[in-house]
Amino acid sequence: MTKPLRIGTRRSKLALAQAHEVADRLAAHGVMTELVPMVTSGDRGASPEASPAGLKGLFVQEIVRALQEGHVDLAVHSAKDLPVEDPPGVTVAAIPERARPFDLLLTREPELADGAVVGTSSLRRRGLLVRSRPTLRIVELRGNVDTRLRKMADGEVDGLVLAAAGLARLRIEPVHAEELSVEDMTPAPGQGALAVQARPGDPAAEVAAAIDNEPSRIAFDAERLLVELLGGGCAVPMGAYAEMAEPGVWLRAVVVRPDGTGRLGAQARGRTPEEAAHRVASRLRAAGADDVLAGLV
């Protein structure tokens, strides 16, 4: 392709870092790109009702529209922000190699005392942290990574839970950080992965496919389908983590109420992402996941 591919992205520091990562991967294949930063409804603080896809759609809909209308050739998102269904005329052309999907517990001091205050805006993190660290006090804390780190440094909270991948992409190395186990803090579906969207049949989709990573794609497909099967989303306290496991894929998942009650977990192996997702969804439903999730709507 003679002209640079235009990559649509949000304007936040993390989103730009993610888009640059994709651009660098494409450059390794001899593909020239240029970034097209945009402001989304989510960045402007719009209500989830403003998007047909709910909260997730707020952070992608303007970028997706630009892709549909041909103003950009590719769009880059955090995979965990994607709605469970592709919009018309758009496909996920590539899932590059996934960064570490786990969460980190960051603290101002080397140790957290009983009663220490930990901030998070995630219902999943809140519910799982309450169960694994019952002596902590969990409070609502919003803002971008820099804002949250500043609030911790200022003493508003004693600790934070943030995604390892986001900190790595921003080249932030916290002084006190503990990686939380997948058992205690199952990641959000798609966490750590990037999704590169394109228009089906467009030359840009074929170009982007060169940076698709099979293990990361398989994990993304399994985790995304599980969310769809259970009718969840990024506002629902659900964790899912998939890995290639010959033969096939291994998927584990958890749902939990924000107060830490009603925790249900399931895991299964499948020959395909679809088989694994259906098996885990069936086991979670049999254990009562629908009742837990219904109470959060």
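Residues numbered from 1 in each chain as written. Predicted model: local features only at pLDDT ≥ 70, side-chain atom pairs only at ≥ 80, totals over all residues. Heavy atoms only, no water.

(A) The arrangement of the overall build of the protein chain in detail. Helix and strand content of the protein chain: 10 helices and 13 strands. Against the globule reference of 19 Å for 297 residues, the protein chain gives a C-alpha radius of gyration of 19 Å, in line with a compact fold. Referenced to the eigenvectors of the C-alpha coordinate spread, the extents of the protein chain come out at roughly 60 × 45 × 40 Å. Per element, the accessible surface of the protein chain, about 13500 Å² overall, is 50% carbon and sulfur. (Helix = DSSP H or I, 4+ residues; strand = E, 2+ residues; numbered from the N terminus. Rg over C-alpha atoms; globule rule 2.2 N^0.38 Å. Areas by Shrake-Rupley, 256 points an atom, 1.4 Å probe, with all protein chains shown as cover.)

(B) Structural view of the pairing of strand E2 (residues 33-38). Across 6 bridges, strand E1 (residues 5-10) lies against E2 in parallel orientation. Bridge pairing in E2 links Thr9 to Pro37. On the question of chirality, the crossover connecting E1 to the parallel E2 by way of helix H1 (residues 13-27) is right-handed. (Pairing = 2+ DSSP bridges. Right-handed = clockwise from strand over helix to strand, strands pointing away.)

(C) Focus on helix H4 (residues 123-132). All buried positions along H4 are accounted for by Arg124, Arg125, Arg126, Gly127, Leu128 and Leu129. The N-capping residue of H4, defined by a side-chain oxygen 3.3 Å from the backbone nitrogen of Arg124, is Ser122. (Buried < 20%, exposed > 50% of the residue type's maximum accessible area, 1.4 Å probe, protein only. Polar contact = N/O pair within 3.5 Å; in protein donor to acceptor, adjacent residues only side chain to side chain.)

(D) Focus on the nonpolar core. Counting 26 residues, the largest nonpolar core has Leu226, Leu230, Met238, Leu251, Val255, Val280 and Leu284 as the members making the most contacts within it. At 7 residues, helix H8 (residues 214-230) tops the list of elements feeding residues into this core. When residues no more than four places from it in sequence are discounted, the contact partners of Val280 are Leu226, Leu251, Ala253, Ala266, Gln267 and Ala268. One finds Leu5, Ala19, Leu74 and Val76 within the second-largest nonpolar core, a separate group that totals 19 residues. (Core = buried A, V, L, I, M, F, W, Y, C linked by side-chain atoms within 4.5 Å. Contact = heavy atoms within 4.5 Å.)

(E) Spatial organisation of the side chain of His77. Turning to its location among the elements, His77 is positioned in strand E3 (residues 74-78). The class for His77 is buried, based on a relative accessible area of 3%. Polar contacts involving the side chain of His77 include one to the side chain of Gln197, which spans 2.7 Å. Dropping the residues within four chain positions of it, His77 is found in contact with Gln18, Val60, Ile63, Val64, Leu82, Ala193, Leu194, Ala195 and Gln197.

(F) How the structure looks around the packing of H8 against helix H9 (residues 273-287). At a closest axis distance of 8 Å, the pairing of H8 and H9 adopts a crossing angle of 35 degrees. Our pair here, H8 against H9, has a crossing hand that is right-handed. In this structure, H8 contributes Ile218, Asp221, Ala222, Leu225, Leu226, Leu229 and Leu230 to the contact, and H9 contributes Pro273, Glu274, Ala277, His278, Val280, Ala281, Leu284 and Arg285. (Axes fitted to C-alpha atoms, helices over the stretch in contact; angles between N-to-C directions. Left-handed = near helix turned anticlockwise from the far one by under 90°.)

(G) Highlighting the sheet that holds E3. Reading across from one edge, E2-E1-E3-E10-E4 is the order of the 5 strands in this open sheet, with mixed pairing throughout. Each end of this open sheet is capped by a strand with a single partner; those strands are E2 and strand E4 (91-94). Looking at each pair of strands side by side, their axes are set apart by 35 degrees on average, direction ignored. Two strands pair when backbone bridges link them, and E4 and strand E10 (residues 194-198) are joined in this way by 3 bridges, in the antiparallel orientation. Residue pairing in the sheet places Ala94 in a bridge with Val196 of E10. Strands E1, E2, E3 and E10 of the sheet are contacted by H1, whose axis makes an angle of about 155 degrees with E1. Along the sheet face, helix H3 (residues 61-68) touches E1, E2, E3 and E10 and points at about 160 degrees away from the line of E3.

(H) How the structure looks around H3. Of all 8 residues making up H3, 6 are buried, and the element is well covered by its neighbours. For H3, the complete set of buried residues consists of Gln61, Glu62, Ile63, Val64, Ala66 and Leu67. Downstream of H3 by a residue or two, Gly70 has a phi angle that is positive, lying close to 80 degrees.

(I) Focus on the sheet that holds strand E5 (residues 103-107). Strand order in the open sheet formed by 5 strands is E7-E6-E8-E5-E9, and the pairing between neighbours is mixed. Whereas interior strands pair on both sides, the edge strands pair on one side only; in this sheet they are strand E7 (137-140) and strand E9 (177-179). Geometrically, the sheet is characterised by an average inter-axis angle of 30 degrees between neighbouring strands, direction not taken into account. The pairing of E5 with strand E8 (residues 159-163) spans 5 bridges and is antiparallel. Across the sheet, residue Leu104 finds its bridge partner in E8, namely Leu162. Against the sheet, H4 touches E5, strand E6 (117-120), E7 and E8, its axis set at about 170 degrees to E7. Strands in contact with helix H5 (residues 145-153) are E5 and E8; relative to E8, the strand with the most contacts, it is inclined by about 160 degrees.

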